[in-house]
Amino acid sequence: MMRRWISNAVAFTALWIFVRGVELTPVRLVEEGLIGLLVSLPLAYAVRNFYGRAPVARSIRVLPSVGLYLLVFLRELLVANVAVARTVVSPSLPIDPAVVEVPLRVESDAAVTTIANSITLTPGTLTMDYDADANSLYVHSLDGDDILDPIRTWEDYALVIFNEPLKPGDPVPEPRDAAADSDTTAADSDDGGER
């Protein structure tokens, strides 16, 4: 039986050939295939334990969520590219850059990493930090108001894909800043607002 990491290396090699956009001649396909294997074998071996083993039935069950995650990501990628291009071409357009705390419902390293990378790959946004204690990402965005909806959609699919304890539709935790503000407001009202 072929080891799983070797089959992953073969899949990475096919992806390498696709991304490189090589001519469809046997010589070029073999050349790029060898280069792809040289790159993908050590990579696949290095990350062989990252995602763990999932039963085949579960893998098939999450395929629709994986497809939807990719479609939503590609749509958001296109929309963000157009928005950033408009901002670059028309610098007079107002922007509202902000760093936003995004509390997460996903908890596994793989799920958090997937969402953080999706955010960073989307033009106009950058994952700056992850706070493990609060399970929150800190995201810089050119327009701070528009980033939460796509992240929540990705997270709904990631909850299914990575078999997280919480499920889509479960409440989202409050950011620590908002929780601290509400605690301060409650304390102010308890002591009559005097400091």
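For the structure, see preceding data.
Residues numbered from 1 in each chain as written. Predicted model: local features only at pLDDT ≥ 70, side-chain atom pairs only at ≥ 80, totals over all residues. Heavy atoms only, no water.

## Re the sheet that holds strand 2 (residues 125-131)
Alright, step 1. The strand order across the open sheet built from 3 strands is 1-3-2, with neighbouring strands paired in antiparallel fashion. Each having just a single partner strand, strand 1 (98-103) and strand 2 make up the two edges of the open sheet. Taking each pair of neighbouring strands and ignoring which way they run, the sheet shows an average axis angle of 25°.
Alright, step 2. Summarising the sheet, strand 1 and strand 3 (residues 136-141) pair through 6 bridges and their orientation is antiparallel. Bridging from a neighbouring strand, V102 pairs with L137 of strand 3. (Pairing = 2+ DSSP bridges. Helix = DSSP H or I, 4+ residues; strand = E, 2+ residues; numbered from the N terminus. Axes fitted to C-alpha atoms, helices over the stretch in contact; angles between N-to-C directions.)

## Looking at the nonpolar core
Alright, step 1. Counting residues in hydrophobic clusters, the biggest one holds 20 residues, and the most contacted among them are V106, I115, I119, L137, I151 and W154.
Alright, step 2. Only helix 3 (56-89), strand 1, helix 4 (109-121), strand 3 and helix 5 (148-161) provide two or more residues apiece to this core.
Alright, step 3. Beyond its immediate sequence surroundings of up to four residues, I151 is in contact with V102, I115 and I119. (Core = buried A, V, L, I, M, F, W, Y, C linked by side-chain atoms within 4.5 Å. Buried < 20%, exposed > 50% of the residue type's maximum accessible area, 1.4 Å probe, protein only. Contact = heavy atoms within 4.5 Å.)

## A closer look at the packing of aromatic side chains
Each pair of aromatic rings is reported with the distance of its centres and the angle of its planes.
Alright, step 1. Throughout the structure, instances matching the rule amount to 2 aromatic pairs.
Alright, step 2. On the numbers, 6.3 Å between centres and 35° between planes, the contact of Y69 with W154 is tilted. Residue Y69 is found in helix 3, and its partner W154 is found in helix 5; the two are separated by 85 residues along the sequence.
Alright, step 3. Using a relative accessible area of 7% as the deciding quantity, one classes Y69 as buried.
Alright, step 4. We classify W154 as buried; its relative accessible area is 2%.
Alright, step 5. Both rings, one in F73 and one in W154, keep their centres 5.9 Å apart while their planes meet at 50°; by these two values the pair is tilted. Of this pair, F73 sits in helix 3 while W154 sits in helix 5, and the two are 81 residues apart along the sequence.
Alright, step 6. By way of ring pairs, the aromatic residues Y69, F73 and W154 are connected into one cluster. (Phe/Tyr/Trp six-rings, centres within 6.5 Å; stacked < 30°, edge-to-face > 60°.)

## Considerations on the pairing of strand 2
Alright, step 1. The sheet contact formed by strand 2 and strand 3 spans 6 bridges and is antiparallel. Bridge pairing in strand 3 places L126 opposite H140.
Alright, step 2. The hairpin formed by strand 2 and strand 3 contains 4 residues between the paired strands, and N135 there has a positive phi angle of roughly 50°.

## Quick notes on the packing of helix 4 against helix 5
Helix packing geometry: the angle between the two helix axes and the distance between the axes.
Alright, step 1. Two numbers describe how helix 4 lies on helix 5: the axes approach to 10 Å, and their chain directions differ by 150°. Between helix 4 and helix 5, the crossing angle belongs to the class labelled roughly antiparallel. The hand of the helix 4/helix 5 crossing is right-handed. Judged by residue contacts, I115, S118 and I119 of helix 4 engage I151, W154, E155 and A158 from helix 5.
Alright, step 2. A class-by-class count of the residues in the contact of helix 4 with helix 5 yields 5 nonpolar, 1 polar and 1 charged. (Parallel < 35°, antiparallel > 145°, perpendicular 65-115°, else oblique. Left-handed = near helix turned anticlockwise from the far one by under 90°. Nonpolar A, V, L, I, M, F, W, Y, C, P; charged D, E, K, R; others polar.)

## What to know about the side chain of R152
Alright, step 1. Structurally, R152 can be placed in helix 5.
Alright, step 2. Judged by its relative accessible area of 17%, R152 is buried.
Alright, step 3. Not counting residues within four places of it along the chain, the set of residues in contact with R152 comprises V102, P103, L104, R105 and V172.

## Some remarks on a negative patch on the surface
Alright, step 1. A surface patch of negative charge is lined by D96, D143, D146 and D149.
Alright, step 2. Within the element layout of this structure, D96 appears in the loop between helix 3 and strand 1. (Patch = residues over 30% accessible without salt bridge, like charges linked within 9 Å, V, L, I, M, F, W, Y side chains within 5 Å. Areas by Shrake-Rupley, 256 points an atom, 1.4 Å probe, with all protein chains shown as cover. Salt bridge = Lys/Arg side-chain N within 4 Å of Asp/Glu carboxyl O. Lys, Arg positive; Asp, Glu negative; His and termini not counted. Charge placed at Lys NZ, Arg CZ, Asp CG, Glu CD.)

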